[in-house]
Amino acid sequence: MRGRTLAYTVLAAAVAAVLGPPLWPPPADSYPLSTYPMFSIDRGAVSQVATVVGVDEAGEEARLTPGLIGGTDEPMLAVATASRAARGTPAEQRRLCEQVAGRVARSGRDEVVAVRLQVEVHDSVAHVTGDEVEPRSVRVLATCEVER
Amino acid sequence: MSTPAQALAAVDRRFWAPAAPERLAALRVLVAGFALAYLLVRLPHLVQVARTDDPRFDPIGPLAWLDGPVPAPVGLAVLAVAVASGAAAVAGWRWRLTGPVFALAFLAVTTYRSSWGQIFHTDNLVCLHLLVLAVSPAADAWSLDARRRGGPPPAPGPSHGWPVRVLSLLTVGTYAVAGWAKLRNGGIGWLDGDVLRHHIAHDALRKQLVGASHSSLGAVVLEHRWLFPPMAVLTLVLELGAPAALAVRRLRVPWAAAAWAFHLGVLALMSIGFPYPLSGIAFASLFPVERLPAAVAARRPRVRAARRREVVNT
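Residues numbered from 1 in each chain as written. Chains lettered and ligands numbered in written order. Predicted model: local features only at pLDDT ≥ 70, side-chain atom pairs only at ≥ 80, totals over all residues. Heavy atoms only, no water.

Describing the interface of chain B and chain A
The partner chain A presents 61 residues to the 72 residues of chain B that form the contact. Taken together, both faces of the contact between chain B and chain A bury some 6000 Å²; the carbon and sulfur share is 67%. Considering only the surface of chain B that becomes buried against chain A, R56, L209 and V210 of chain B emerge as the three largest contributors, covering 13% of it. Counting the contacts that link chain B with chain A gives 4 salt bridges. Across the pair D58 of chain B and R84 of chain A runs a salt bridge whose closest N-O atoms are separated by 3.6 Å. Across the contact surface, chain B and chain A share 20 residue pairs in polar contact (both at pLDDT 80 or more). Where the side of chain B that touches chain A is concerned, the elements lending two or more residues are α1 (3-15), α3 (43-51), α5 (95-113), α6 (124-134), α8 (162-186), α9 (194-209) and α10 (216-222) of chain B. At 14 residues, α8 of chain B tops the list of elements feeding residues into the side of chain B that touches chain A. Looking at the side of chain B that touches chain A, its residues break down into 36 nonpolar, 21 polar and 15 charged. (Contact = heavy atoms within 4.5 Å. Buried area = accessible area lost by both parts, 1.4 Å probe. Salt bridge = Lys/Arg side-chain N within 4 Å of Asp/Glu carboxyl O. Polar contact = N/O pair within 3.5 Å; in protein donor to acceptor, adjacent residues only side chain to side chain. Helix = DSSP H or I, 4+ residues; strand = E, 2+ residues; numbered from the N terminus. Nonpolar A, V, L, I, M, F, W, Y, C, P; charged D, E, K, R; others polar.)

Concerning the domain arrangement of chain A
Partitioning chain A into domains gives domain 1 (2-38) and domain 2 (43-145). The centre of domain 1 of chain A, based on its C-alpha atoms, is set 38 Å off from the matching centre of domain 2 of chain A. (Domains from an automatic or database assignment.)

Quick notes on the sheet that holds strand β2 (residues 61-63) of chain A
Pairing between the strands of a sheet comes from backbone hydrogen bonds, and it takes one of two forms, parallel or antiparallel. Pairing within the open sheet is antiparallel, and its 4 strands lie in the order β2-β1-β3-β4 (chain A). The open sheet has two free edges, formed respectively by β2 and β4 (137-145) of chain A, since each of these has just one partner strand. In this sheet, adjacent strand axes meet at a mean angle of 35° when their direction is disregarded. α9 of chain B rests against β1 (46-55), β2 and β3 (114-123) of chain A of the sheet, and its axis sits at about 15° to β1 of chain A. (Pairing = 2+ DSSP bridges. Axes fitted to C-alpha atoms, helices over the stretch in contact; angles between N-to-C directions.)

Side note on the confidence of the model for chain B
Here chain B shows a mean pLDDT of 93. Residues at 70 or above account for 98%. At the level of chain-chain contacts, confidence expressed as ipTM amounts to 0.90, with global pTM at 0.89. (pLDDT = per-residue confidence, 0-100.)

Shown next as structure tokens:
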């Protein structure tokens, strides 16, 4: 009987784990219980993406790497780091800018003399297919020199 | 007996049906083995995460109570416990202790990894599977515990069957919920394919902007808008149809193959790998995986004989 009770308790927990998050209002994504919202919301054709870019002596932009932006090699963490800073206060934006500048200074990317936290607006499909490479707009939130 | 009572009795008979201890043992080796390999492959990244001390910390799930990142030695110690208990769990050594410790340590490590503003949905299912296995007698066979105990493995029983069914329920349930989320959030309009197309483009764009690589195949496919409505329909059929694979045995192979191909498509178009389903282990509970060693052993003499024939012919 004890075994049966355990079995049905685990079954009930499993059903709750799968169905609970999407049914319990408001549906909120978490871990390990999830609403599995991947690819479900229409993001539209125009995307706003926060990132940190490098700037060389001539003022040209250079893409950095996930490691330089987010501190780990995981691209999604770099994206999340930049997005979160962009949504934060000017002090938080400045803090990420300085952190990235510090990592760039130690990275051997000598051509990069400054870094910028910015939000770029693109037509995502046109950008990825190469039809419209330049952003529609860029909003610079913080700029920091790379001190060596 | 009334119809609801008959239905409940039928569900009970099916859920409580006996199974061989080797089936559950095979799942222990596969699922815990996958989780351990995953930790080892991602170890450099997980060490980086454990050492990160940053205000962007945004704890979720079972770690939501944390005020800030844990000190690096604590994070590294939990990671070490996860790896050590994972090795013990795969071997089935002191399973009643190491199984739950590994499941909880894996939960802690992967929750911490997802507590920096980005939830990694790649880890959910393997984590849930480990938690179920942890409370089951998954080391009654093919384990150091069984060897220490001696004698033959226990006879097939319900305690070796229900955990397998719960694992399968979790597998198909997560796909069904993902499909339902698409309809709930995107409505029937999700089927026109634009939502999927925008997602693939958005994902590639943000990877480009942080200097990461993205799928060149995805960029090519994005130019062909007509491909996306059928892709959207197939995705929804696969996800919402997942429970059918649990109910109808003969649908299991085609459904698992389709789900595997779906993840292969996601990898090819978005460079997003879901290693658990791609390894096939996410679907293992749907099949008699305890026959794998015998099938492999039976294949070996045939392969050897074929090689010998090749050598003779050359």
